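Observations on the three-dimensional arrangement
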Amino acid sequence: HATSTLGGGNDHLVASGVGEKIVFWDRRAATGLEVFEESHSEDVTRVRFQPSRRNRLFTASVDGLACVFDLGGCPADINDEAGLLRVLSTETAICEVGFCANGTGAGEDDLFWCLTGNEEVFLFDAG
């Protein structure tokens, strides 16, 4: 599996799931920045930046975990331990993820959803 997303303050940051790792590049300089090697124990299936919070990265994996990271305001701030906000569990492989509104009118991406291989949908607060 390979999945990528564009985010960061000015959409300069590329995050990709490669095997069980999450790899970061600065697209302005075309240089590698960081590799998160211990966030997931199996293949990363999806990585997505939250649309309203471009520094917040959500990752999902075959291990049934979704991780939420705050990557800070500049490339030097990227750190898997300091930036980890939450670990969410579905207890089964996650195939797809996305964001949706919670129905209160507060925002278009208040909820983070995960679709598993068993066709179950899990909803989590994206705040």
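Above this text sits the structure in question.
Residues numbered from 1 in each chain as written. Predicted model: local features only at pLDDT ≥ 70, side-chain atom pairs only at ≥ 80, totals over all residues. Heavy atoms only, no water.

Moving on, we come to the sheet that holds strand β7 (residues 65–70). In space, the four strands of this open sheet follow the order β5-β6-β7-β8, with antiparallel pairing throughout. Lying at the two open borders of the sheet, with one neighbouring strand each, are β5 (44–50) and β8 (84–89). Each adjacent strand pair in this sheet contributes to an overall mean axis angle of 15°, direction not counted. Bridge count between strand β6 (residues 53–61) and β7: five bridges; the pairing is antiparallel. Pairing of Leu57 across the sheet is with Phe69, part of β7. (Pairing = 2+ DSSP bridges. Helix = DSSP H or I, 4+ residues; strand = E, 2+ residues; numbered from the N terminus. Axes fitted to C-alpha atoms, helices over the stretch in contact; angles between N-to-C directions.)

Right, let's talk about the pattern of salt bridges for a bit. Per the counting criterion, the structure on display carries four salt bridges. Between Glu96 and Arg46 there is a salt bridge, with its nearest N and O atoms 3.1 Å apart. Of this pair, Glu96 sits in strand β9 (residues 94–100) while Arg46 sits in strand β5; the two residues are 50 residues apart in sequence, bridging distant segments of the chain. Judged by relative accessible area, which is 23%, Glu96 ranks as partly exposed. The closest approach of N and O atoms between Arg48 and Glu96, which form a salt bridge, is 3.4 Å. With a gap of 48 residues between them, Arg48 in strand β5 and Glu96 in strand β9 connect regions that are remote in the sequence. Judged by its relative accessible area of 25%, Arg48 is partly exposed. Residues joined by salt bridges that share partners form a network here, namely Arg46, Arg48 and Glu96. (Salt bridge = Lys/Arg side-chain N within 4 Å of Asp/Glu carboxyl O. Buried < 20%, exposed > 50% of the residue type's maximum accessible area, 1.4 Å probe, protein only.)

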